[in-house]
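Given next are the chains, with one letter for each unit.
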Amino acid sequence: MSRRTCLLILGMHRSGTSALAGLLHHLGVSMGKDLLAPAWDNPKGFYENKRIMIFNDSKLLPALKTTWYDLAPIKGDHFPLSEELKHEALKILEEDYGETNLFGIKDPRMCITLPFWEEVLSEFESEIKVIIPYRNPLEVAYSLFHRNNFPIGKGLFLWAKYILYSEYYSRKFQRVFISYDQLVRDPLKTLELVDETLKLGLSEEIRKNSQEITSFVERSLKKFNLSLKDLPPNTPKFVSETALLLEKLAIGEERDSQRTQEKFNQFRESYEREAENYHLELINHEGARLQVLL
């Protein structure tokens, strides 16, 4: 039986992963010894293990011949990477989490590097449990436009890539889908859902820290508040259908089942076909000259 439990937050950038990681941190879940410092785009902090982020970004993704913002599909389920990389990753885990039985890792890049980390975490004798936050993809795309100047269309495709691969790679693990909107409105209820579904034994910590939890999440920090009806009319069907299914899973209107996974398979196949034909045009959407999908 595993000695440790690893909570993986598998969500696209700008999807509320930092807020969730911060809440887990305040419940005593170790998110790492050296966390990324707060920044203008995330003033409350990222609660992201700096060493793991740098390892993913500077070593693991280059070894896979990709970047965090690359739209290209991921080829295959297994990553034939060097023993040297695995040894380095294991060393990070041992140094940062070797003294704890419950720890968390939050780095959006994990959505597309999970097969590698699954192997390393197994060697680290850790049971993986997964939290997948859902946020309206148009809100994510607007946030990426604001932070990175990414075209809206690219933001939508990136959102689809991250969410579809994280869903696919995490099927063998105990997991829960949550809504970023609900996390902002009622963080206590969302944490209770995570705790109950994943059987983490954090109910007492949630109760004791209820005031701190409520004050930590500030609604004003969520800059965009849109519905799926706001998606541009030329948004690819697989993007809107993926979002609708995830929204239903996150709010409990749909059950994580073989039927939903078969739908996600279809959406992922559509993404892999359409990502290669991706192109842009300038149109006026919501009163702003932004690049969106053609």
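Residues numbered from 1 in each chain as written. Predicted model: local features only at pLDDT ≥ 70, side-chain atom pairs only at ≥ 80, totals over all residues. Heavy atoms only, no water.

Colleague: I would appreciate a short explanation of the pairing of strand β4 (residues 174–179) in the present structure.
Modeller: Remark: a regular strand shows side chains that alternate across the two faces of the sheet. Of all the 6 residues making up β4, 5 are buried; the element is thus mostly covered by neighbouring parts of the structure. Relative to β4, strand β3 (residues 126–134) runs parallel, the two being bridged by 6 bridges. Following the sheet pairing, P133 is matched in β4 by I178. (Buried < 20%, exposed > 50% of the residue type's maximum accessible area, 1.4 Å probe, protein only. Helix = DSSP H or I, 4+ residues; strand = E, 2+ residues; numbered from the N terminus. Pairing = 2+ DSSP bridges.)

Colleague: Please clarify how helix α2 (residues 50–63) should be interpreted in this entry.
Modeller: Owing to its 3.6 residues per turn, the α-helix aligns residues three or four sequence positions apart on the same side. Given a rise of 1.5 Å per residue, 14 residues ought to cover 20 Å, and the 19 Å separating the end C-alpha atoms of α2 matches this to within 8%. For α2, the complete set of buried residues consists of I52, M53, F55, N56, L60 and L61. The elements touched by buried residues of α2 are α3 (83–97), β2 (102–106) and α4 (110–123). Regarding α2, its N-cap is N49, as a side-chain oxygen of that residue lies 3.0 Å from the backbone nitrogen of R51 further along. (Expected span 1.5 Å × (residues − 1). Contact = heavy atoms within 4.5 Å. Polar contact = N/O pair within 3.5 Å; in protein donor to acceptor, adjacent residues only side chain to side chain.)

Colleague: Just to check I follow, could you spell out the nonpolar core for this structure?
Modeller: A general feature of soluble globular proteins is that nonpolar side chains tend to end up buried together. One finds L8, L93, I105, F116, W117, W159 and Y271 to be the most contacted residues of the largest nonpolar core, which totals 66 residues. It is helix α6 (residues 152–169) that contributes the most residues to this core, 11 residues altogether. Here Y271 is in contact with L71, A72, P73, F157, A160, K161, L164, Y165 and F238, once residues within four sequence places are set aside. In terms of nonpolar packing, the next biggest core, distinct from the first, is built from 27 residues, L7, I9, I131 and I213 among them. (Core = buried A, V, L, I, M, F, W, Y, C linked by side-chain atoms within 4.5 Å.)

Colleague: Please clarify how unusual backbone geometry should be interpreted in this entry.
Modeller: With glycine set apart, most residues show a phi of negative sign, and most peptide bonds adopt trans. You will see that E125, though not glycine, has its phi angle at about 55°, which is positive. A positive phi is found at K199, a non-glycine position, where the angle reads about 55°. Structurally, the position occupied by K199 is in the loop between α8 (187–198) and α9 (203–208).

Colleague: Explain the pattern of salt bridges to me, please; I cannot follow it from the model alone.
Modeller: Opposite charge on two side chains permits pairing when their charged atoms draw close. For the coordinates displayed, the defined rule picks out 19 salt bridges. E48 is paired through a salt bridge with K106; the nearest N and O atoms lie 2.7 Å apart. Taken together, the residues E48 in the loop between α1 (17–26) and α2 and K106 in strand β2 connect sequence positions 58 residues apart. The salt bridge involving E95 is made with R51; its shortest N-O contact spans 2.9 Å. With E95 in helix α3 and R51 in helix α2, this residue pair connects regions lying 44 residues apart in the sequence. Of the residues examined, E95 reaches a relative accessible area of 35% and is grouped as partly exposed. Three or more residues joined by partner-sharing salt bridges are found here, namely E48, D57, K106, D107 and R109. (Salt bridge = Lys/Arg side-chain N within 4 Å of Asp/Glu carboxyl O.)

Colleague: Sorry if this is basic, but what is going on with the packing of aromatic side chains here?
Modeller: In this description, an aromatic ring pair is defined by two values, namely the gap between the centres and the angle between the planes. Under the counting rule described, the total for this entry stands at 17 aromatic pairs. On the numbers, 6.2 Å between centres and 85° between planes, the contact of F264 with F267 is edge-to-face. With a gap of 3 residues between them, F264 and F267 both fall in helix α12 (residues 258–274), about one helical turn apart. For F264, a relative accessible area of 2% translates into the label buried. (Phe/Tyr/Trp six-rings, centres within 6.5 Å; stacked < 30°, edge-to-face > 60°.)

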